[in-house]
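Per-entry structural report
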Amino acid sequence: MIEVKQLYFKYPTMKDYVLKNINIKIELGQIVAIMGSNGSGKTTLIKHFNGLLKPNEGYVKVFGKDTQDESVAALSRKVGLVFQNPDHQIFSDTVWNEVTFALKNFGFEEEVIKKRVKWALEFFNLIQYKDTSPLLLSGGEKKRLCLASILAWDPDYIVLDEPTVGQDFLQKEKLREVIKMLITRNKTVIIVSHDIEFIWLLQPRIILLSNGEVVKDDVCANVFKDDASIDKCGVIKPQFVELFDHLAPLLPHPPLDVLEARSTFLKLMKKGG
Amino acid sequence: MTPLIKFIDFNFSYLDSPTPILKNINLEIKEGEFVLLVGPSGCGKSTLLRCINGLIPHLYSGVYKGKVIVDGEQVSEKNISTLATKVGFVFQNPENQIFMFTVEKDIVFGLENIGVDKEEIGRRLEWALKILNIEHLRYRAPYELSDGQKQRVAIAGTLVMHPKILILDEPTSLLDPKTAYEFISTLKELNRSIGITIIVVEHRIDLLPKVADRMIVMDGGQIVFDGPFKDIIKEKNLHLYGVTVPPIISLQNTLSESGVNLPGYSLDVRSFSEMIKKEVFRND
Amino acid sequence: MFWIAEGLIYRRQDSVFHTIDPRIKLLISMMLFFLSLVSSTIVEFSIILVLIFFIGALSKTLKRMVRTFVFSLSFLAMIFVINILVGYDIMFSIIISLRFISVVSSTSIFFLTSSPDELELVMKSFYLPYDLIFAFVTAVRFVPVIMLDAIQILDSQRSRGLEIEKGNFIKRIKNYIPVLIPLIVQAIIRSEELAEAMESRAYGFSKKKTSYYSLHLRKRDYFAATVAICFMIVFIYAIYFLHI
Ligand SMILES: Nc1ncnc2c1ncn2[C@@H]1O[C@H](COP(=O)(O)OP(=O)(O)OP(=O)(O)O)[C@@H](O)[C@H]1O
Ligand SMILES: Nc1ncnc2c1ncn2[C@@H]1O[C@H](COP(=O)(O)OP(=O)(O)OP(=O)(O)O)[C@@H](O)[C@H]1O
Ligand SMILES: [Mg+2]
Ligand SMILES: [Mg+2]
């Protein structure tokens, strides 16, 4: 479990706190989305989960251990962070070595490394590139590679910063599948994203941030009912929620996806006709 | 009316690319159009845009066949700087397109380069600050701006050149939803008020109904669909071309596949709801 | 990481001193620099330092100037110790240290109070080639950006178990490879994007480039320059002819 209690944080160069009185608990087996305007502190918050940043006040505990007392490496073993820009981490000569990097750092056995890397590359359809330079991959492939290089060591928490930026529909679908798969294995996926329709399809728990404060922390359906909060956090409604607002008495609840919406409307039209 | 941009039997590949990146492109864009360009990652959208303002072939060389004509002149025969007065280009990463230490200085950068006189620079600067609503940011440094503000400054820096065409390559991908929405509305405003032709690559299509007039879908370096936005967005297999179709549109598509005859086709949630209400209550 | 550069990086501030023409600020800065070099007694250095602190107060940059001081303190201690070890007497070592302080702080006066834009204008007024000026300006502009890149890259690799400080000397040097390579790649990507953006805005269009900004000396600039020059003459006169 990740537990954040009364967390205050400011960057040494800045006057004001970037995170203020954050209190959250994240258990295993959840999807959690963190949303909020540009500069609201999302990236800063997730960097606390593996100890890259340490609170000025309050604490962050990962599986009961205070991040102040643990090394980033030890925490990362449990909490894998994938940052937004793949070019910020890719450095190896081959795709294969890019994935082995972390496993070597964590001191896995040679045999285990081989098995894990093979699994991760196959899972993300990257195995055919194993001997090519990662710098030659396309944007979408690089993103997948970064995710593979983290999943290879099987962390319990997977934290993704803006995973859908620059991704096309098919790549986003693939990502959604991966997330779903991780949940069935009792992992927790934490996503920072501006992509509302993508988030709506996942139906996660949503934590809304504004100016470094948690404005709302609730299940997806409830969060999007709260007009004032989402407006404050620079978020707009998914289309199906807006649709529900317009047609409230006709629909039981906002449709979760197109298929559900279709059957609802088919019934509705039949009843009418 | 002669088209403002014209691609004739155009093919291009970068020097180090084994296969052609753009294949047999024939395209005409008229003055004042608002064009949305989409397609899967790597299909050549950015490459196509670079051909319009001359980055290709002047900055990126390669195998260049056919013609690209912008405002009556062939791009390959003009230099990029001359084209900069006809075509403004806004890139994805706001950080890398602001060079100067104050917003004001950055906006006049292009005008100084083409040798516009001081009074005129002053006039255009005021105009651009006003039209983009960034007068209050005038003396700020780039690191004192949010990403959304940076993108506005970037537009201002190209608008002062009085271009006829404004090109934007994934301009909102780093912006939060509300800022992105406002940004797109600003584009529409510009398109209406000064009649500037806009071509934008954008993944979040849900921001664009009511804004774009025309939609072009590319795949593998070719144009596969091209037509009025409201027609193309109805195409069945758009998702196979990497397009994230807004849910409200997918819904109408599947409903019509299931044999439901809706009286019309709505691009946004509000008008769709109105339509449904009428339909349901008419039958009561 | 940022605070190291604090003492040299310009921040916009309102003060009388900031509004002086950058050429005059440069003149004052260089003059104090020169005087620091020719001074040789504690009294002389005291006068110079008082003056520097006065300007620091006037321009509201005193705090950051002091921070640079603190930062250079270790350096200072080193100079002092080396001097003693080499066999100079204490007095001489103190003088050398004072000279170091005044040299550093007199240069920082200019950089703390002049924006890179002003620096650009100064360079232009010396008729330096525009390409050179522009290269310089963008380099300065992107220092903080590249620093942020470095932080982000380090964070990414630490999240993958990299422990920079671990291992023996050779291992530690090797530890930097996963940080340096992305940093270089990133710099290349940035410069390519920058080139695209510059070209798209008519960089290098023609020789008839105009300049929207130009420097004009105003009354207060002449006044500041006069005071500065008078001071220098009096000071040098005092050193060499009155032997104070
Ligand atoms: N290394 C740093 N040093 C100083 N300030 C920083 C640093 N990193 C971020 N900040 C500031 O902290 C605030 C929060 O930044 P953060 O990156 O966490 O926002 P975010 O919610 O992730 O935004 P975005 O949606 O744009 O990614 C911003 O005001 C930012 O300028
Ligand atoms: N400077 C370059 N040199 C060589 N090849 C390039 C260059 N830029 C792009 N390419 C290649 O050209 C193809 C098309 O790239 P382009 O950037 O135009 O795609 P895109 O449609 O804009 O994709 P995305 O949605 O990911 O931005 C890709 O295969 C890419 O690898
Ligand atoms: Mg962020
Ligand atoms: Mg592109």
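Residues numbered from 1 in each chain as written. Chains lettered and ligands numbered in written order. Predicted model: local features only at pLDDT ≥ 70, side-chain atom pairs only at ≥ 80, totals over all residues. Heavy atoms only, no water.

1. Some thoughts on the overall build of chain C
Under the convention used in this document: Where helices and strands are cited, they refer to DSSP runs of H or I of at least four residues and of E of at least two residues respectively, numbered from the N terminus. Note that the radius of gyration is over C-alpha atoms, with the globule rule given as 2.2 Å times the number of residues to the power 0.38. When a residue's accessible area, from a 1.4 Å probe over protein chains only, is under 20% of the maximum for its type it is buried; when over 50% it is exposed; and in between it is partly exposed. When checking whether two residues touch, look at their non-hydrogen atoms; a contact exists if any pair is within 4.5 Å.
Summing up its helical and strand segments, chain C has 10 helices and 0 strands in all. For chain C, the succession of helices and strands along the chain, N to C, is α-α-α-α-α-α-α-α-α-α. Over its C-alpha atoms chain C spans a radius of gyration of 22 Å, topping by over 25% the 18 Å that the globule rule assigns to 244 residues. Overall size of chain C, expressed as C-alpha extent along the three principal axes, is 65 × 55 × 30 Å. Counting only residues that meet the buried cut, chain C has 45% of its 244 residues in that class. Taking all contacts inside chain C whose residues are at least 6 apart in sequence as the whole, residues at least 24 apart take part in 76%.

2. Some points on the interface of chain A and chain B
For clarity, the threshold we go by: Buried area, as used here, totals the accessible surface that two parts lose on assembly, with accessibility defined by a 1.4 Å probe and the loss added over both. Every case where a carboxyl oxygen of Asp or Glu lies within 4 Å of a side-chain nitrogen of Lys or Arg is listed as a salt bridge.
Listed as interface residues are 35 residues of chain A and, on the opposing side, 41 residues of chain B. Interface area for chain A against chain B, summed over the two sides, is near 3300 Å², with a carbon-plus-sulfur share of 68%. Inspection of the chain A/chain B interface yields 1 salt bridge. In this structure, Lys 178 of chain B and Asp 231 of chain A form a salt bridge, with 3.4 Å as the shortest nitrogen-oxygen distance.

3. Some points on the sheet that holds strand E7 (residues 157-161) of chain A
Residues and elements named next belong to chain A. Under the convention used in this document: Strand pairing is assigned whenever DSSP detects at least two bridges linking the two strands. Note on definitions: angles span 0 to 180 degrees between N-to-C directions of axes, and those axes are lines fitted to C-alpha atoms, for helices only across the stretch in contact.
One open sheet accounts for 6 strands, arranged E6-E7-E8-E3-E9-E10; its pairing is mixed. Edge positions in the sheet fall to strand E6 (79-82) and strand E10 (213-219), since each has one partner strand and no second. When strand polarity is set aside, the average angle formed by the axes of neighbouring strands in this sheet is 15°. Here 6 bridges tie strand E9 (residues 205-210) to E10, and the two strands are oriented antiparallel to one another. Paired with Arg 205 across the two strands is Val 219, which belongs to E10. Packing of helix H6 (residues 169-184) onto the sheet brings it into contact with strand E3 (31-36), E7 and strand E8 (188-192), and relative to E8 it is tilted by some 145°.

4. Focus: the domain arrangement of chain C
Residues and elements named next belong to chain C. We count it as follows: As annotated, the domain borders come from an automatic or database domain assignment. N or O atoms within 3.5 Å of each other form a polar contact, as long as, within protein, one can give a hydrogen and the other can take it, and as long as residues adjacent in sequence are counted only when both atoms are side-chain atoms. Note on residue classes: Ala, Val, Leu, Ile, Met, Phe, Trp, Tyr, Cys and Pro are nonpolar, Asp, Glu, Lys and Arg are charged, and everything else, Gly too, is polar.
Entries for chain C in the domain assignment read domain 1 (1-127 + 216-244) and domain 2 (129-200). Summarising the inter-unit geometry, the C-alpha centres of domain 1 and domain 2 are found 32 Å apart. On the side of domain 2, 10 residues touch domain 1, which itself brings 9 residues to the contact. With both chains or domains summed, domain 1 and domain 2 bury close to 930 Å², and 90% of this area falls on carbon and sulfur atoms. The interface formed by domain 1 and domain 2 holds 0 salt bridges in total. In this structure, the connection of domain 1 to domain 2 is made through 0 residue pairs in polar contact (both at pLDDT 80 or more). Listing elements by their share of the side of domain 1 that touches domain 2, those giving two or more residues are helix H1 (2-6) and helix H6 (116-125). Tallying contributions element by element places H6 first for the side of domain 1 that touches domain 2, with 5 residues. Class assignment of the residues belonging to the side of domain 1 that touches domain 2 gives a composition of 7 nonpolar, no polar and 2 charged.

5. A look at the domain arrangement of chain B
All names here are of chain B. The domain boundaries assigned to chain B delineate domain 1 (5-242) and domain 2 (246-284). One C-alpha centre belongs to domain 1, the other to domain 2, and the line joining them spans 34 Å. Contacts between the two partners involve 10 residues from domain 1 and, on the opposite side, 7 residues from domain 2. Interface of domain 1 and domain 2: buried area, both sides summed, is about 710 Å²; carbon and sulfur atoms make up 76% of it. On the domain 1 side of the contact with domain 2, Lys 210, Ile 233 and Lys 234 bury the most area, a combined 50% of that side's loss. Inspection of the domain 1/domain 2 interface yields 1 salt bridge.

6. Concerning the confidence of the model for chain C
Residue and element names in this part refer to chain C. Cut-off, in case you're wondering: Looking at any residue, its pLDDT shows the predictor's confidence there, from 0 to 100.
With 95% of its residues at a pLDDT of 70 or more, chain C shows a mean pLDDT of 83. When mean pLDDT is taken per element in chain C, helix H9 (residues 177-199) scores highest with 92 and H1 scores lowest with 45. Low confidence marks residues 1-5, where pLDDT is under 50. Its contacts with residues over four positions away, or in another chain, come to 11 contacts. Confidence estimates for the predicted assembly give a pTM of 0.88 and an ipTM of 0.91.

7. Brief notes about the pattern of salt bridges
Inspection of every chain in the model, using the stated rule, returns 41 salt bridges over all chains. Asp 87 of chain A serves as the salt-bridge partner of Lys 142 of chain A, at 3.1 Å between the closest nitrogen and oxygen. One end of the pair, Lys 142 of chain A, is in helix H5 (residues 139-151); the other, Asp 87 of chain A, is in the loop between E6 and helix H3 (95-105), with 55 residues separating them in the sequence. Across the pair Arg 218 of chain C and Asp 221 of chain C runs a salt bridge, and its minimum N-O distance is 3.7 Å. The partly exposed category is assigned to Arg 218 of chain C, whose relative accessible area is 41%. One connected set of salt bridges, linked through shared partners, spans Asp 71, Glu 73, Lys 78, Lys 86 and Lys 164 of chain B.

8. Quick notes on the site of ligand 1
Which entries qualify depends on this criterion: We call a residue near a molecule or strand as soon as one heavy atom of that residue lies within 4 Å of the molecule or strand. Per-residue and other accessible areas follow the Shrake-Rupley method at a 1.4 Å probe size, with only the shown protein chains counted as cover for residues.
In the vicinity of ligand 1 lie 16 residues, with Gly 39, Gly 41, Lys 42, Thr 43 and Thr 44 of chain A positioned nearest. With respect to ligand 1, the chains having nearby residues are chains A and C. Between an oxygen atom of ligand 1 and a side-chain N or O atom of Lys 42 of chain A, the distance comes to 2.7 Å. About the coverage of ligand 1: the protein hides 72% of its 640 Å² of free accessible area. Among the elements that make up the shell around ligand 1, the one with the highest residue count is helix H1 (residues 42-46) of chain A (3 residues).

9. Structural notes on helix H9 (residues 247-257) of chain B
Residue and element names in this part refer to chain B. Where burial is concerned, most of H9 is hidden: 9 out of the 11 residues are buried. Among all positions of H9, only Pro 247, Ile 248, Ile 249, Ser 250, Leu 251, Gln 252, Asn 253, Thr 254 and Leu 255 are buried. At the C-terminal side of H9, Gly 259 shows a positive phi close to 90°.

10. Overview of the nonpolar core
As a reminder, the rule being used: Put simply, a nonpolar core is a bunch of buried Ala, Val, Leu, Ile, Met, Phe, Trp, Tyr and Cys residues held in one set by side-chain atoms that sit within 4.5 Å of each other.
In terms of nonpolar packing, the biggest core is built from 93 residues, with Leu 243 and Phe 265 of chain A together with Ile 155 and Met 215 of chain B touching the most fellow members. Sequence-distant contacts of Met 215 of chain B, defined by excluding residues within four places in its chain, comprise Leu 36, Val 38, Ile 205, Phe 225, Asp 226, Gly 227, Pro 228, Phe 229, Ile 232, Ile 233, Leu 238 and Val 243 of chain B.

11. Observations regarding the pairing of strand E4 (residues 57-62) of chain A
The side chains of a regular strand alternate between both faces of the sheet. Residues and elements named next belong to chain A. The sheet contact formed by strand E1 (residues 2-9) and E4 spans 5 bridges and is antiparallel. Bridge assignment links Glu 3 to a residue of E4, and that residue is Lys 61. Sheet analysis places E4 next to strand E5 (residues 65-66), joined by 2 bridges and oriented antiparallel. Pairing of Val 62 across the sheet is with Lys 65, part of E5. The loop that links E4 with its antiparallel partner E5 comprises 2 residues; one of these, Phe 63, has a positive phi angle of about 45°.

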